[in-house]
Amino acid sequence: MAAAESKEIWIRIAGLDQFKVNLRDKAEEKAYRDAEKMLNDVWRKYAARFRDKRSNEGIMAMVAFKFAWTVVAANARNEAVASFLKEFERQLDEIVVKI
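All values reported here derive from a predicted model rather than from experimental measurement. Residue numbers run consecutively from 1 along every chain, following the written order of its sequence. With the structure being a predicted model, the display of local features is reserved for residues of pLDDT at least 70 and the display and counting of side-chain atom pairs for 80 or more, all residues being used for whole-chain, interface and lining totals. Side-chain descriptors were evaluated using all non-hydrogen atoms of the structure, hydrogens and water having been removed beforehand.

K.L.:
Would you explain a positive patch on the surface in this entry?
P.N.:
Surface patches are defined over residues having more than 30% relative accessible area and no salt bridge, joining like charges when they lie within 9 Å and nonpolar side chains (Val, Leu, Ile, Met, Phe, Trp, Tyr) when within 5 Å. Using the Shrake-Rupley algorithm and a 1.4 Å probe, accessible areas are obtained, with residue cover drawn only from the displayed protein chains. The term salt bridge refers to a pairing of a side-chain nitrogen on Lys or Arg with a carboxyl oxygen on Asp or Glu at a separation within 4 Å. For the charge count, each Lys or Arg is scored as positive and each Asp or Glu as negative, with His and the chain ends excluded. Every charge is mapped onto a representative atom, which is NZ of Lys, CZ of Arg, CG of Asp or CD of Glu. A cluster of basic residues, Lys 45, Arg 49, Lys 53, Arg 54 and Lys 66, forms a positive patch at the surface. As for its position among the elements, Lys 66 is in helix H2 (residues 56-98). The class of Lys 66 is partly exposed, set by a relative accessible area of 33%. The helix count covers DSSP runs of H or I at least four residues long, the strand count covers runs of E at least two residues long, and both are numbered beginning at the N terminus. Under the scheme applied here, a residue whose accessible area is under 20% of the maximum for its type counts as buried, over 50% as exposed, and between as partly exposed, the area being computed with a 1.4 Å probe on protein chains only.

Below, the structure is given as structure tokens:
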């Protein structure tokens, strides 16, 4: 999407004020909308469960932690896969050299 064609979308999280996001390309909109939906789904789930026990800020902190944990866990899995692939490539190189 060229600069003249740039697009902005509005995101609303947990019923709060919307905020604007400027898209670099058209493909980003789906990712942003998916993230907005995912976050709002978790917010609704946690709000229904904890509304009487925690403030909205406390619930949002729990939601933020859940997403942070998800990123940390995904990074750890990615590092494990990268390490496995590096070792696998090394072993394949050894096999090829022996042939």
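K.L.:
Quick question: what am I supposed to make of the nonpolar core here?
P.N.:
Most often, soluble globular proteins keep nonpolar side chains buried together rather than apart. Working definition of a nonpolar core: buried Ala, Val, Leu, Ile, Met, Phe, Trp, Tyr and Cys residues. They are joined through side-chain atoms within 4.5 Å. Core analysis: the biggest nonpolar cluster contains 13 residues, and Ile 9, Ile 11, Val 21, Trp 43, Tyr 46, Ile 59 and Val 63 have the highest contact counts within it. It is helix H1 (residues 27-50) that provides the largest number of residues to this core, a total of five residues. It only takes one pair of heavy atoms within 4.5 Å for two residues to be counted as in contact. When near neighbours in sequence (up to four residues on either side) are disregarded, Ile 59 contacts Trp 43, Tyr 46, Ala 47, Phe 50, Arg 51 and Arg 54.

K.L.:
What's the story with the packing of aromatic side chains in this structure? I'm lost.
P.N.:
To describe a pair of aromatic rings, one takes the distance between the centres and the angle between the planes. Ring pairs shown here join Phe, Tyr and Trp side chains whose ring centres sit within 6.5 Å, with only the six-membered ring taken for Trp; geometry is labelled stacked below 30 degrees between planes, edge-to-face above 60, and tilted in between. Here the structure, examined in full by the defined rule, presents two aromatic pairs. Here Tyr 46 and Phe 50 contribute two aromatic rings whose centre-to-centre distance is 6.1 Å and whose plane-to-plane angle is 70°, an arrangement assigned as edge-to-face. In this pair, Tyr 46 and Phe 50 are both assigned in helix H1, four residues apart and thus about one turn of the helix distant. Like Tyr 46, the residue Phe 50 is buried in the burial classification. Seen in terms of ring centroids, Phe 84 and Phe 88 are 6.0 Å apart; in terms of plane orientation they differ by 15°. Their pairing is stacked. Linking Phe 84 with Phe 88, this pair stays in helix H2, spanning four residues, or about one helical turn. Overall, Phe 88 belongs to the partly exposed group, its relative accessible area being 42%. Two conditions define a charge sitting above a ring: the NZ of Lys or the CZ of Arg must be within 6 Å of the ring centre, and it must be within 35 degrees of the ring normal. Directly above the ring of Phe 50 sits Arg 54, whose terminal nitrogen or CZ lies 5.9 Å from the centroid.

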